[in-house]
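# Descriptive structure summary
Take a look at the letters that make up each chain.
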Amino acid sequence: MTFRFHLLLLLIAIISASVQAELTLSKVDRKIDLSSHIVRVTSTLKVENLGPGVASEVLLAVPDYQANNLADLRAVINEGKSSIVLHIEHFSPEVSRPEFTFYSISLTKELEKGQSVTLDVFSAFTHSVIPFPEEITQADSQLVLYKDSAYFVSPHAVKVQTLRIKLPSARVESYTNIQNTKLNGTSIRYGPYENLPPFSSSPITVHFENNRPFAVAKQLVREIEISHWGNVQVTEHYRLFHGGALNKGGFSRINYQSRQVIGGISSFRSLLARLPPRAHSVYYRDEIGNISTSHLWGDSRKTELEIEPRYPMFGGWRTSFTIGYGLPLHDFLFESEGKHLLDITFGCPMEEVVIDELFVKVVLPEGSKDISASTPFPTKQWQEVKFSHLDIVGRPVVVLQKTNVVPEHNLHFQVHYRFNNLSLLMEPMMLISGFFFLFVSCIVYMRVDMSVSKTSASYQAKLQWEEMQATVQQARSIINRCLAIHDKLDASLRDLSRTGDVQQCKATRKAADGMLKELSKELKPLLGVLQSSPQASQIWPKVEELAVKEREMQERLMLKHSMVVDSFEKKSGGRDIENRIASHQQKILALSMRSTTF
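Parameters at a glance
- Position labels on residues start from 1 in each chain and follow its written sequence.
- A pLDDT threshold of at least 70 governs which residues receive local features in this predicted model, and a stricter bar of 80 or more applies before side-chain atom pairs are shown or counted, although totals over entire chains, interfaces and linings include all residues.
- Note that water and hydrogens are dropped before the side-chain values are worked out from all heavy atoms of the structure.
- Under this scheme, a helix contributes an axis fitted over its contacting stretch, all axes are lines through C-alpha atoms, and angles between N-to-C directions fall in the 0 to 180 degree range.
- Strands are runs of DSSP state E lasting at least 2 residues, helices are runs of H or I lasting at least 4, and numbering of each runs from the N terminus.
- Throughout this description, any angle smaller than 35 degrees is read as roughly parallel, any larger than 145 degrees as roughly antiparallel, any in the 65 to 115 degree range as roughly perpendicular, and the remainder as oblique.
- In this scheme the crossing of two helices becomes right-handed for a clockwise turn of the near helix relative to the far one and left-handed for an anticlockwise turn of less than a right angle.
- What makes two residues a contact is simply this: any of their non-hydrogen atoms within 4.5 Å.
- Three categories are distinguished: nonpolar for Ala, Val, Leu, Ile, Met, Phe, Trp, Tyr, Cys and Pro, charged for Asp, Glu, Lys and Arg, and polar for the others, with Gly belonging to the last.
- Side-chain atoms alone can form a polar contact between residues adjacent in sequence; in general such a contact is a pair of N or O atoms within 3.5 Å, and within protein one must be able to donate a hydrogen while the other accepts it.
- The span you would expect from a helix comes to 1.5 Å times its residue count less one.
- Any Phe, Tyr or Trp ring, taking Trp's six-membered ring, that has another such ring centre within 6.5 Å forms a pair; planes under 30 degrees apart are called stacked, those over 60 apart edge-to-face, and the others tilted.
- Each residue's exposure class comes from its accessible area (1.4 Å probe, protein chains only) as a fraction of the maximum for that residue type: buried when under 20%, exposed when over 50%, partly exposed otherwise.
- Charge-over-ring placement is defined geometrically: NZ (Lys) or CZ (Arg) within 6 Å of the ring centre, and within 35 degrees of the ring normal.
- UniProt positions are given in the numbering used here, feature names are shortened, and annotations may be inferred rather than shown by experiment.
- Lining residues are those with an atom within 4 Å of a point, where the points come from a 1 Å grid over the protein atoms alone and group into cavities, where a 1.4 Å probe fits but cannot get out, or pockets, open sets with protein on both sides within 12 Å along at least five of seven lines.
- Grid points are joined across faces, edges and corners, and a volume is the space filled by probe spheres set on the points.

### Brief notes about the packing of helix α7 (residues 502-532) against helix α8 (residues 540-569)
- Relative to each other, α7 and α8 sit at 165 degrees, their axes nearing to 12 Å. On the basis of their axis angle, the class for α7 and α8 is roughly antiparallel. Between α7 and α8 lies a crossing whose hand is left-handed. Listed contacts from α8 to Val-502, Cys-505, Lys-506, Arg-509, Asp-513, Leu-516, Leu-523, Leu-527, Leu-530 and Gln-531 of α7 are Trp-540, Val-543, Ala-547, Glu-550, Gln-554, Met-558, His-561, Ser-562, Val-565, Phe-568 and Glu-569.
- Partitioning the contact of α7 with α8 into residue classes produces 12 nonpolar, four polar and five charged.

### Some points on the environment of His-87
- Of note, His-87 is situated in the loop between β5 (82-85) and β6 (88-91).
- Taking the C-alpha atoms as reference, His-87 lies 7.9 Å from Leu-107; in sequence the two are 20 residues apart.
- Apart from residues lying up to four places away in sequence, His-87 is in contact with Ser-104, Ile-105 and Ser-106.
- There is a polar contact of 3.4 Å between the side chain of His-87 and the side chain of Glu-89.

### What to know about helix α6 (residues 457-499)
- With 43 residues, α6 ought to run about 63 Å at 1.5 Å a step, and its terminal C-alpha atoms sit 63 Å apart, in line with that.
- Just beyond α6, the residue with positive phi is Gly-500, at close to 75 degrees.

### Let's talk about the packing of aromatic side chains
- Tallying each qualifying case throughout the model produces 14 aromatic pairs.
- Pairing Tyr-311 with Trp-317 gives two aromatic rings, centres 6.2 Å apart and planes at 65 degrees, and the pair type is edge-to-face.
- On the accessibility criterion, Tyr-311 (31% relative accessible area) is partly exposed.
- For Trp-317, a relative accessible area of 24% puts it in the partly exposed group.
- Three or more aromatic residues joined by ring pairs make a cluster, and in this case those are Phe-251, Tyr-311, Phe-314 and Trp-317.
- The lysine or arginine in question, Arg-97, covers the ring of Phe-199, its NZ or CZ lying 4.1 Å from the ring centre.
- Over the aromatic face of Phe-241 sits the side chain of Arg-318, whose NZ or CZ is 4.9 Å from the ring centroid.

### Brief notes about the UniProt feature "transmembrane region" (unreviewed entry) in the chain
- Per the UniProt record, "transmembrane region" (unreviewed entry) is found at residues 429-448.
- In residues 429-448, the share of helix is 95% and the share of strand is 0%. The end C-alpha atoms are 28 Å apart.

### Here we look at empty space enclosed by the protein
- One pass over the full model with this rule turns up one cavity of 30 Å³ or more.
- Of the volumes computed, that of the largest cavity is approximately 260 Å³.
- Every element with two or more residues in the lining of the largest cavity is listed here: β2 (39-49), β3 (55-63), β4 (70-79), β8 (116-125) and β11 (143-149).
- Counting residues per element, the lining of the largest cavity draws most heavily on β3, which supplies four residues.
- Its residues assigned to classes, the lining of the largest cavity comprises 12 nonpolar, four polar and two charged.

So this is what it looks like as structure tokens:
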């Protein structure tokens, strides 16, 4: 009995699986907005299940020439007063259709037979509006081409559908005119069209005027640095160019400034960035330096920054610049269950800028761990390390990369991480410790003897050399004092010839004898030290020679002094005195001429 019951259940499941839902689009209203260089398509789909099975998803088919430029795709279902965003993912059908890219929209509730649901599908395309002609002069207006299908291309049959195209101006060079087509000012209406089979298509082309800024950022790097001291620093590096028709011919500044309407209508000279509220410390600069042509205003609800590049942007022209600003930390960082949560916007804050490649780098405090990031759309994610002031292991950086970014991607994303607030004290303590050890090192350096060990041979040799130098200085001082006494003896002889006071001259002689004997006693041991010292081997001969000359001069001077005093006592004439001392005087002069210093 049990086996039969299970077999019955298996047969019911097989039969149920073979019953398929048959979806049809009973009504499609499509709107294409071409007012800027970003194509925005809003489609309202009324989906009805005609098959016996249950439907849980709706398929979308996007032609490959559009899928390559698809930047954003969303689906919303309205239930009462609330709107629910549905999950969309790539889908690979059993029957391959290589000219289409398929997406699957998951419904919140299964759609049974006879039931219907209304979906709002939004899509944004970049680089789909093509300048034609590709080159224009400064005075020309910009004409562009857009290609699409008048029918909503769908893998499901469509009962009734309409299309309305919104243009930026009433100037339309040409457009595809098929059945039920009407041009009314800045709007082209196609339809209604009824009972179209799956994958129906009717190509259309619209050639119209569009002088809106075609601002495209080849690359944008947004660095969001978190400081738990109370600030979020945002720095944005732009590589921007004008993606419209290339400027042909020269540029006339006179025509541009005097007649901008006809002298640069396809160019743009300013961009508006909508920054978060309470943004502060805003700056705008490029490689040359700060750019003063910017305007900032705001209140508690918004902050707007209008910037002007250094030159007007024509088709194909490029520029690079940086915008930076600070934000209060408590507006974007929250704490829950021991983890920190950063909640901040992802995309570019500038209006109507297409970003070919966007890098968002979230720099977390050093010591952060258990890091994860969640975004409302798919992105490439990885982590890096950035070193800044006083970092030891570096700050973890969460890098998010996305291509083909439009303003619709400027949504909030979250970064979760753990961080110990005690780590905030690490850098101040490093500074305090660094200065402390610096001061201690200075004190130690000033107070500690850094010389070589006193027992080493080099230190002993240095001491002996210093002692020898001191001995030489003492010997030189004694010899100089002896020479000074010699001068006093000569001076006493001159006083004797002038005054004739023999007693005073003898007294000077007696005092000089005593002092010379004392100096001789002091000099003798010094000469002995120098003679025996190996370090004085080079200077000892000069010292000895000088000492010998001093003693010889002393002897000659004493003989001269005795002869002069004796002649004065005998009252000899001046000529006789000079004759008696002439030989001694010549010898004294010769010794004085040959004396050298050391």
